[in-house]
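Fold and geometry: a report
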Amino acid sequence: MNLPVLYMVVPCYNEEQVLPITADLFLQELTELIKKGKISDGSRILFVNDGSRDKTWEIICGLSEKDRHFTGISQSRNRGHQNAVLAGLMDSVEKCDITISIDCDGQDDIAAMEKMVDEYRGGSEIVYGVRARRDTDTFFKKFTAESFYKLLNALGAEVVYNHADYRLISSKVLKEFAEFKEVNLFLRGMVPLVGFKSSSVYYDRQERMAGESHYPLGKMAALAFDGITSLSVRPLRMITALGIFVSVISFVGAIWAVASQLMGKTVTGWASMTCIICFLGGIQLVCLGVMGTYIGKIYMEVKHRPRYIISERTGERNEA
Ligand code: UDP
Ligand code: MG
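Residues numbered from 1 in each chain as written. Chains lettered and ligands numbered in written order. Predicted model: local features only at pLDDT ≥ 70, side-chain atom pairs only at ≥ 80, totals over all residues. Heavy atoms only, no water.

1. Considering the coordination of the magnesium ion (ligand 2)
- Taken together, the protein donors to the magnesium ion (ligand 2) comprise Asp105 (OD) and Gln107 (OE1), at separations of 1.9 Å. Per residue, the accessibility class of Asp105 equals that of Gln107, and both read buried. (Donors = N, O, S within 2.8 Å, 3.2 Å for Na, K, Ca; no water. Buried < 20%, exposed > 50% of the residue type's maximum accessible area, 1.4 Å probe, protein only.)

2. Overview of the packing of helix 1 (residues 19–35) against helix 2 (residues 56–66)
- Contact pair helix 1 / helix 2: the axes reach a minimum separation of 11 Å and the direction vectors enclose 35°. Every pair of crossing elements has a handedness; the one defined by helix 1 and helix 2 is right-handed. Of helix 2, the residues touching helix 1 (which contributes Leu19, Pro20, Ala23 and Asp24) are Thr56, Ile59, Ile60, Leu63 and Lys66.
- Of the residues contributing to the contact of helix 1 with helix 2, the split by class is six nonpolar, one polar and two charged. (Axes fitted to C-alpha atoms, helices over the stretch in contact; angles between N-to-C directions. Helix = DSSP H or I, 4+ residues; strand = E, 2+ residues; numbered from the N terminus. Left-handed = near helix turned anticlockwise from the far one by under 90°. Contact = heavy atoms within 4.5 Å. Nonpolar A, V, L, I, M, F, W, Y, C, P; charged D, E, K, R; others polar.)

3. So, the sheet that holds strand 1 (residues 6–12)
- What the eight strands build is an open sheet, ordered 7-5-6-4-1-2-3-8; its pairing is mixed. Of all the strands in the sheet, the pair left with one neighbour each is strand 7 (198–204) and strand 8 (310–314). The sheet shows a mean angle of 20° between the axes of neighbouring strands, taken without regard to direction.
- Packing of helix 3 (residues 81–92) onto the sheet brings it into contact with strand 1, strand 2 (44–49), strand 3 (70–75), strand 4 (98–101), strand 6 (163–170) and strand 8, and relative to strand 1 it is tilted by some 155°. (Pairing = 2+ DSSP bridges.)

4. Here's the deal with the site of ligand 1
- Taken together, 19 residues lie around ligand 1, and Glu15, Asp50, Asp105, Ser213 and His214 are the ones closest in.
- Tyr13 places a polar main-chain atom, nitrogen or oxygen, 2.9 Å from an oxygen atom of ligand 1.
- Asp50 places a side-chain nitrogen or oxygen 2.6 Å from a nitrogen atom of ligand 1.
- Counting only elements with at least two residues in the shell around ligand 1, the list comes to strand 1 and helix 3.
- Taken together, the residues of the shell around ligand 1 break down into six nonpolar, six polar and seven charged. (Near = heavy atom within 4 Å. Polar contact = N/O pair within 3.5 Å; in protein donor to acceptor, adjacent residues only side chain to side chain.)

5. Some thoughts on the packing of aromatic side chains
- This model, assessed by the stated rule, comprises five aromatic pairs.
- Ring geometry for Phe47 and Phe70: centres 5.7 Å apart, planes at 25°, overall stacked. Placement of the pair is Phe47 in strand 2 and Phe70 in strand 3, with a sequence separation of 23 residues. In this structure, Phe47 and Phe70 share a single accessibility class: buried.
- Their ring planes at 80° and their centres at 5.2 Å tell us that Tyr166 and Tyr203 sit as a pair that is edge-to-face. Here the residue Tyr166 occupies a position in strand 6, and Tyr203 occupies one in strand 7, the gap between them amounting to 37 residues.
- Residue Tyr166 is classed as buried on the basis of its relative accessible area, which comes to 1%. (Phe/Tyr/Trp six-rings, centres within 6.5 Å; stacked < 30°, edge-to-face > 60°.)

6. Here's the deal with the state of the cysteines
- Here the structure, examined in full by the defined rule, presents zero disulfides.
- Cys104 supplies the cysteine sulfur nearest to Cys12, a cysteine that is in no disulfide, at a spacing of 3.9 Å.
- Of the cysteine sulfurs around Cys61, a residue in no disulfide, the closest is that of Cys12, at 12 Å. (Disulfide = S-S within 2.5 Å.)

Below, the structure is given as structure tokens:
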């Protein structure tokens, strides 16, 4: 069997502080794997600059001059992590046999790549990087992150527990994945839908080597809601069930009200009336909001805008 060509896909947004540190670590791992005869020398590290405002792109260009294993593409503007990863994957699909997507901050254990490649050589087409422990995360981050996976699964978006976007995907799977044309991207929920043989590799999550997280709580909640509404219609079913439940209670309430009236036991009833109006008003607004989210997504999908636009490239001559 020919040695597989590996492309590491590394999204970078305003990472000038950490990139010079981790770029060397990625290169070390790549050369190690080449030396061990696990991947071909045509393997590359592909940085995807996601419209950074700092010196990230200059650093990437410098790296590609320095070593032929580095290449880079730049998005025409900031489009977010998911789109950056997609751009990198789609750009490398024709050039390689396997891709591994990994964040550029060194939080994901780079050494786990060897196990991923071994799994691939053992027949897996997708290998999920799963965090075994979260010791270095603060209690708050750990709690919110774990609630995130539980909420996603409870609402019908199936994701691999404690797996983010560190994963190996073969180009065979990527070619099928390219047919998933949606613009609302939630890669970790979409990849399992493609199928094929998959497995997991466990690793310990580290602290960021430098710079700051781009995923504060608000963005994480938005990602969870996005994931749920992209992958599942369960919230629509839940509000339907809620509507039926409230209708039944209202029906009983109405009978009670008429009966009380007939028996001449009516009271002023202001408080109960107000409560019911508020309750129903609230529920209706929530339901409208959920439905509105789905309609908004349909709106975005029918426009069918490009999911990424590559404006610049570096290190093309480095490509095998
Ligand atoms: N990232 C990106 N575009 C963005 C935000 C983040 O490409 O708009 C990249 C970032 O450079 C990093 C990865 O996505 O490589 C994960 O981001 P971060 O480490 O800030 O998130 P966290 O690990 O804290 O969830
Ligand atoms: Mg990070």
